[in-house]
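Chain by chain, the residues:
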Amino acid sequence: MKPIISSHLDAPPPMASSSSSSSSAAAAASSSCSAGGGGGNPKPKPEKPPYNHPYHRLLPRWHHHHHHVPSLSKLSIWSFFALALFLALFLLSPKPHAPSSSSSSSSAAREERRRSLRAAAAAGAWERSVRASAAPRRGAPGGLSVLVTGAAGFVGCHAAAALRRRGDGVVGLDSFNDYYDPSLKRARAALLWRAGVFVVEGDINDAPLLRKVFDAAPFSHVLHLAAQAGVRHALKNPSSYVASNVNGLVSLLEACRSADPQPAVVWASSSSVYGLNTRTPFSESDRTDRPASLYAATKKAGEEIAHVYNHIYGLSITGLRFFTVYGPWGRPDMAYFSFTRDILRGKPITVFEGPGHATVARDFTYIDDIVRGCLAAVDTAGKSTGSRGKKRGPAPLRVYNLGNTAPVPVAELVTILERLLKAKAIRKVVKMPRNGDVQFTHANISLAERELGYRPTTNLHTGLKKFVRWYLDYYGKKSGRHGGAGSISAS
Ligand SMILES: O=C(O)[C@H]1O[C@H](OP(=O)(O)OP(=O)(O)OC[C@H]2O[C@@H](n3ccc(=O)[nH]c3=O)[C@H](O)[C@@H]2O)[C@H](O)[C@@H](O)[C@H]1O
């Protein structure tokens, strides 16, 4: 290797060879010019170059034709100073990209400054809004400060409003995704806005946003209700369940464990974790290792993840297994909602039945009962013990069923809706497809009764009556084409 390097270094660089050829060309030009200029004139006395400088070889021609120029030496001195001055000015002059170098760039700089001032003012206003919304009402002793994720969702909007009504500080967070009609979510958020709840639009997977929210206000609790819901939709978009219910949960718990103070977390698990469990009613100590849908599997994964964050970081975490929640401002993808819409429109509905015409039933639970359960869970959640991401001692880890303890067959749900809507359903009874559904759910709520004081009070008929009244009010009686507007009324 060494000889190659040394021979390369010894060789003349390409620049050097090209400049030597150009200087010989200049010399050639100079000699041809001298030969032509000589003609028949007497041979001029050879002139001694005044300075030993290469460009003096070019000067004689110029000198011959400009005899009025004072002298070559004076010219060279002046050209030297002129060149030096020019170089100095060039080097000291501001660079073209400097903001003050031109009027257009200085106005761009002013605009940029204005923009960043506006952004800072907006950020300040945003933080003030979060802080103000998170502050408990004055005169509400022991008021909490709760971040509600999924606040523009069905349960989230009701729970956030209920917390606010009793004087707690509440900030909402919602991505307003289009799993179902986002305008319904906007309408719920507008209700919250009027109730004094600021809803931040953003994703639970956006870690910097979560940090900003937790930096802006010290939350005592997080009610985490943001999720990808729906059992059957998991067949169509499986990754959305992992993104929201697994990644999103981890992202949120990361923010919680790093927050100072660490909030206590209450979050929505699901009755679906019981999966193929056959012991009824379902109690918290029953098996949950046989989920029947990806939705159920991600909720079950959430319960295991909760264990990890409780164990490592001392987060107080309560999981609530909701049983088929229904009511006003509900989710359009759920059966009671879509049945109502289709009955009003005179469209057929599919009613599932089990093998051998077995009944499919759900422990339908009214939204107000669920909200009372959520608030009781918030109120009884012990404190997280961690600080700055480090566990300082054991913290509570709880899970509760929140159901109605009175399962109703889906066929009976349809009959109640028919009575309330005063319209006949066009039923298509089909065998329950193998797409994640389970045949039966029934909650044992004795643990929630004992520890949360949870006691559901609304039966399916009463709850659906309230739902139908809301539905007709929200969508208008004209929402159904079947039977005409006049034949439809809430009882
Ligand atoms: O407790 C839960 O953890 C879950 O509850 C809810 O799931 P489900 O109990 O399946 O509710 P939902 O779809 O309203 O079907 C109700 C009944 O109608 C039957 N059903 C459904 C559709 C249909 O076309 N026909 C039919 O008979 C169907 O077989 C079922 O028996 C939430 O959506 C879910 O997000 C989760 O929170």
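Computed from a predicted structure; not experimentally measured.

Student: How should I be thinking about the overall build of the protein in this particular structure?
Tutor: In terms of regular secondary structure, the protein is built from 15 helices and 13 strands. Residue burial in the protein is summarised as follows: out of 491 residues, 44% are buried. Relative to all contacts within the protein whose residues are 6 or more apart in sequence, the contacts with residues 24 or more apart total 80%.

Student: For this particular structure, what's the right way to read the confidence of the model for the protein?
Tutor: Reading fine detail from the predicted coordinates is not recommended where pLDDT is low. In the predicted model, the protein carries a mean pLDDT of 82, and 76% of its residues have values of at least 70. Confidence, expressed as mean pLDDT per element, reaches its minimum in the protein at helix H1 (residues 2-10) with 30 and its maximum at strand E6 (residues 317-322) with 99. Confidence drops under a pLDDT of 50 for residues 1-75, and excluding neighbours within four residues, the segment shows 14 contacts in the predicted structure. For residues 93-101, every residue scores under 50 in pLDDT, and the model assigns this stretch 6 contacts once sequence neighbours within four places are set aside. With pTM at 0.78, the complex prediction returns an ipTM value of 0.99.

Student: Would you mind going over the side chain of Ser-270 with me for this structure?
Tutor: Structurally, Ser-270 can be placed in strand E5 (residues 264-270). A polar side-chain atom of Ser-270 sits 2.6 Å from a polar atom in the side chain of Ser-272. If we ignore the near neighbours within four places in the chain, the residues touching Ser-270 are Tyr-295, Lys-299, Leu-320, Arg-321 and Phe-322.

Student: What exactly am I supposed to notice about the site of the ligand here?
Tutor: Of all residues adjacent to the ligand, which total 22 residues, the nearest are Arg-232, Ser-270, Ser-271, Thr-350 and Arg-362. In this structure, Ser-271 approaches the ligand through a side-chain N or O atom, which is 2.7 Å from an oxygen atom. Separating an oxygen atom of the ligand from a backbone N or O atom of Phe-322 is a distance of 3.2 Å. Isolated, the ligand exposes 690 Å² of accessible area, and the fraction of that covered by the protein chains is 92%. Of all the secondary-structure elements, those providing two or more residues to the shell around the ligand are helix H11 (335-345) and strand E8 (348-353). The biggest single contributor to the shell around the ligand is E8, with 3 residues.

Student: How should the environment of Thr-457 be read in this particular structure?
Tutor: Looking at the element boundaries, Thr-457 is found in the loop between helix H14 (446-452) and helix H15 (460-475). Residue Thr-457 is classed as exposed on the basis of its relative accessible area, which comes to 60%. Here the alpha-carbon distance between Thr-457 and Ala-135, two residues 322 residues apart in the chain, equals 31 Å. In this view, Thr-457 contacts Asp-369 and Arg-372; residues no more than four positions away in its chain are not counted. Within the local environment of Thr-457, its side chain forms a polar contact with the side chain of Arg-372, the two groups lying 3.1 Å apart.

Student: Teacher, can you tell me more about the packing of helix H9 (residues 238-258) against helix H10 (residues 294-313) here?
Tutor: The angle between the axes and the distance between the axes are what describe a pair of packed helices. It is the contact of H9 with H10, at a shortest axis distance of 10 Å, that shows an interaxial angle of 15°. Between H9 and H10, the angle falls in the class roughly parallel. At the point where H9 passes H10, the crossing takes the right-handed sense. Between H9 and H10, the residues in contact are Pro-238, Tyr-241, Val-242, Asn-245, Val-246, Leu-249, Val-250, Leu-253, Glu-254 and Arg-257 and Leu-294, Tyr-295, Thr-298, Lys-299, Ala-301, Gly-302, Ile-305, Ala-306, Tyr-309 and Tyr-313, respectively.

Student: What exactly am I supposed to notice about the UniProt feature "domain: NAD-dependent epimerase/dehydratase" (unreviewed entry) in the protein here?
Tutor: Feature annotation in UniProt assigns "domain: NAD-dependent epimerase/dehydratase" (unreviewed entry) to the following positions: residues 146-380. Between the first and last C-alpha atoms of residues 146-380 the distance is 14 Å; the span itself is 43% helix and 18% strand.

Student: Whenever I open this one, unusual backbone geometry confuses me. Can you help?
Tutor: What is expected of a backbone is that most residues other than glycine have negative phi and most peptide bonds are trans. The omega angle of the peptide bond from Asp-260 to Pro-261 is 5°, so this bond is cis rather than trans. Here Pro-261 lies in the loop between H9 and E5. Going from Thr-280 to Pro-281, the amide bond is cis rather than trans, its omega being -10°. Relative to the elements of secondary structure, Pro-281 occurs in the loop between E5 and H10. Of note in this structure, Phe-176 is not a glycine but carries a positive phi near 50°.

Student: Quick question: what am I supposed to make of the packing of helix H7 (residues 182-194) against H15 here?
Tutor: Here H7 crosses H15 at 100°, and the two axes come no closer than 14 Å. As summarised for this structure, H7 and H15 are arranged roughly perpendicular, according to the angle between their axes. Judged by residue contacts, Ser-183, Leu-184 and Ala-187 of H7 engage Trp-470, Tyr-474 and Tyr-475 from H15.

Student: What exactly am I supposed to notice about H10 here?
Tutor: The periodicity of an α-helix, 3.6 residues per turn, causes residues three or four positions apart to be oriented the same way. For H10, built from 20 residues, the straight-helix expectation of 28 Å at 1.5 Å per residue is met to within 8% by its first-to-last C-alpha distance of 28 Å. What H10 keeps buried is the set Tyr-295, Ala-296, Thr-298, Lys-299, Lys-300, Gly-302, Glu-303, Ile-305, Ala-306, Tyr-309, Asn-310 and Tyr-313. Just downstream of H10, Gly-314 is the residue with a positive phi angle, here 70°.

Student: Explanation requested: helix H6 (residues 154-165) in the structure shown.
Tutor: For H6, with 12 residues, the first-to-last C-alpha span of 17 Å sits near the 16 Å given by 1.5 Å per residue. The element H6 is largely enclosed, with a buried count of 11 among its 12 residues. Taken as a whole, H6 has its buried residues at Phe-154, Val-155, Gly-156, Cys-157, His-158, Ala-159, Ala-160, Ala-161, Ala-162, Leu-163 and Arg-164.

Student: I'm lost on the packing of aromatic side chains in this one. Help?
Tutor: Given two aromatic rings, one states the distance between the centres and the angle between the planes to describe the pair. According to the stated counting rule, one finds 26 aromatic pairs in the structure shown. Centroid distance Phe-467 to Trp-470: 6.0 Å. Interplanar angle 40°. Geometry classified as tilted. Taken as a pair, Phe-467 and Trp-470 lie in helix H15 at a separation of 3 residues, close to a single helical turn. Take Phe-467 and Trp-470: they sit in the same class, and that class is buried. Relative to Tyr-471, the ring of Phe-467 lies with its centre 5.8 Å away and its plane at 55°, an arrangement referred to as tilted.

Each value, and the rule that gives it
- Residues numbered from 1 in each chain as written.
- Predicted model: local features only at pLDDT ≥ 70, side-chain atom pairs only at ≥ 80, totals over all residues.
- Heavy atoms only, no water.
- Helix = DSSP H or I, 4+ residues; strand = E, 2+ residues; numbered from the N terminus.
- Buried < 20%, exposed > 50% of the residue type's maximum accessible area, 1.4 Å probe, protein only.
- Contact = heavy atoms within 4.5 Å.
- pLDDT = per-residue confidence, 0-100.
- Polar contact = N/O pair within 3.5 Å; in protein donor to acceptor, adjacent residues only side chain to side chain.
- Near = heavy atom within 4 Å.
- Areas by Shrake-Rupley, 256 points an atom, 1.4 Å probe, with all protein chains shown as cover.
- Axes fitted to C-alpha atoms, helices over the stretch in contact; angles between N-to-C directions.
- Parallel < 35°, antiparallel > 145°, perpendicular 65-115°, else oblique.
- Left-handed = near helix turned anticlockwise from the far one by under 90°.
- UniProt positions renumbered as here; feature names shortened; annotations may be inferred.
- Expected span 1.5 Å × (residues − 1).
- Phe/Tyr/Trp six-rings, centres within 6.5 Å; stacked < 30°, edge-to-face > 60°.

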